[in-house]
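# Structural characterization, general
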Amino acid sequence: MSYTIIDVPENGEKITNTNGVLNVPDNPIVPFIEGDGTGPDIWRAAVRVVDAAVEKAYGGKRKLYWMEVYAGQKAYDKWGEWMPDETVQAFNEFLVGIKGPLTTPAGADTQALNEALAGQLDLYACVRPVKYFSGIPSPVHHPDYVDMVIFRENTEDIYTGIEFENGTSENKTFKALLQEQFPKEFAKMRFPDTSGIGLKPVSREGTSRIVRAAVNYALRYNRKSVTLVHKGNIMKFTEGAFRNWGYELVEREFGDKVYTWAQWNRTKDAQDEAAANAEQSAALKAGKLLIKDVIADIVFQQTITRAREFDILATMNMNGDYLSDALFAQVGGLGFAPEGRINYESGAAIFEATHGTDPKNAERNVANPGAVVLSGAMMLRYMGWDEAADLIVSGMEQAISAKRVTADLYNVMDGADRLSTSEFGDEIIKQM
């Protein structure tokens, strides 16, 4: 594929995918978007950290060949487009990339930038690791108990945007159809004449692939459990179906590697609770992965009061959005909030910070690059370069422990040294 606005590195090679297996050469070409606002400052620090980790881990035997692609304000200023087609094509061709925060253009569809990439590449898994780094002030007593990874389904639920605004002809047509065909359901609306309407699609296929990804991750990294988060006690045929389909998928595809609460309930019904407890205990002692579920509103309480009971969480779109932000608040906020948007079948993946552009601090060299740095670690781990990823995490831990931090942490930590964005990147490298 030829490009007119993108310069492809000559010495690098493409990452490819064969039947769901990622093939990563020692010299992969990696597309990146530096981002808007504080994005360029953050990217300059983050890329040095990632390159240093790769060099230290592999002694020159492996190297990333960065390829800039364009989106957001920089793309608009150069070519009059917020998301050039070549950018989407590049991520599709080279599979694995990373990006800084992008602005949402005034008056534009809020899905125009980030969601354009995620939607066109079908990046169905939004993966958000939440880990506490010692020394960061937290509103909870034991933030050190938090070490979770959220697998958020990223293509369904109410975020599909199927809505009918009150007062529009579409809204009136839909409500008339509902009243005619499903009068009992129509009667449940308290104020139908002024109600906006939204749909909540949840499919077996969408459920299966996010739960499959969560379980595969848990097995690969020897985690203890996967929790299906849902509100199935109220929304039985969407959120309840997510739970039921999740259990069915796990038992069908992972067999003896797992033990599920659905199995526990069947044993309890056939025998008694003592037998079910004994069965579960034996399964866990044998090293099986526990698959359980929790009601969505309860999980907010329990991830605070019983955080050590949670490991990997598989969620629908909205629940995962809310829950991940709440968990990030326990461990220091969005400055340490990375994510990967991934399609585990095609291999396509884009890693990014979850925070915004913070335009007031653009080009001031004061922003915390932690989220993009940790996104780089996620990317390396996805590529199978765990040694380099571990160095980044270790360097981050040591820099924070030494209280050598950017302004956001300096303002809330006693006895800290205030570093610029670039200096914090240097400190992470030093501490690897």
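See the structure shown above.
Notes on the structure follow.

The rules behind the values
Residues numbered from 1 in each chain as written. Predicted model: local features only at pLDDT ≥ 70, side-chain atom pairs only at ≥ 80, totals over all residues. Heavy atoms only, no water. Buried < 20%, exposed > 50% of the residue type's maximum accessible area, 1.4 Å probe, protein only. Helix = DSSP H or I, 4+ residues; strand = E, 2+ residues; numbered from the N terminus. Pairing = 2+ DSSP bridges. Core = buried A, V, L, I, M, F, W, Y, C linked by side-chain atoms within 4.5 Å. Contact = heavy atoms within 4.5 Å. Phe/Tyr/Trp six-rings, centres within 6.5 Å; stacked < 30°, edge-to-face > 60°. Lys NZ or Arg CZ within 6 Å of the ring centre and 35° of its normal. Axes fitted to C-alpha atoms, helices over the stretch in contact; angles between N-to-C directions.

A few words now on the pairing of strand 6 (residues 125-131). Most of strand 6 is tucked away: five of the seven residues are buried. Of the pairings in the sheet, the one linking strand 6 to strand 7 (residues 147-153) comprises seven bridges and is antiparallel in character. Note that in strand 7 the partner of cysteine 126 across the bridge is arginine 152. Judged from the three bridges that link them, strand 6 and strand 14 (residues 338-342) form a sheet pairing that is antiparallel. Across the sheet, valine 127 pairs through a bridge with glycine 340, a residue of strand 14.

Attention now goes to the nonpolar core. Of all hydrophobic cores here, the largest spans 123 residues; its most connected members are Leu64 and Trp66. In terms of residues, this core owes the most to one element, helix 1 (residues 39-58), which gives 10 residues. Ignoring any residue separated from it by four or fewer positions in sequence, one finds tryptophan 66 in contact with Pro9, Val30, Phe32, Trp43, Val47, Val50, Asp51, Ile98 and Met379.

On to the packing of aromatic side chains, then. Per the counting criterion, the structure on display carries 12 aromatic pairs. Judged by centre distance (4.6 Å) and plane angle (15°), the ring pair of phenylalanine 32 and tryptophan 43 falls under stacked. Placement of the pair is phenylalanine 32 in strand 3 (residues 29-33) and tryptophan 43 in helix 1, with a sequence separation of 11 residues. In this pair, the class of phenylalanine 32 matches that of tryptophan 43, namely buried. With a centroid separation of 4.8 Å and an interplanar angle of 50°, the aromatic rings of tyrosine 217 and tyrosine 221 are classed as tilted. Among the residues examined, tyrosine 221 registers a relative accessible area of 21% and is labelled partly exposed. Of note, lysine 14 hangs over the ring of phenylalanine 94, and the distance from its end group to the ring centre comes to 5.6 Å.

Turning next to the sheet that holds strand 3. Hydrogen bonds along the backbone pair up the strands of a sheet, which may run parallel or antiparallel. Taken together, 11 strands build an open sheet; the order of strands is 4-3-5-15-14-6-7-13-10-12-11 and the sheet is mixed. The open sheet has two edge strands, strand 4 (65-68) and strand 11 (258-260), and neither has a second partner. For this sheet, the mean inter-axis angle between neighbouring strands, taken without regard to orientation, is 25°. Direction of pairing for strand 7 relative to strand 13 (residues 312-315): parallel, over a ladder of four bridges.

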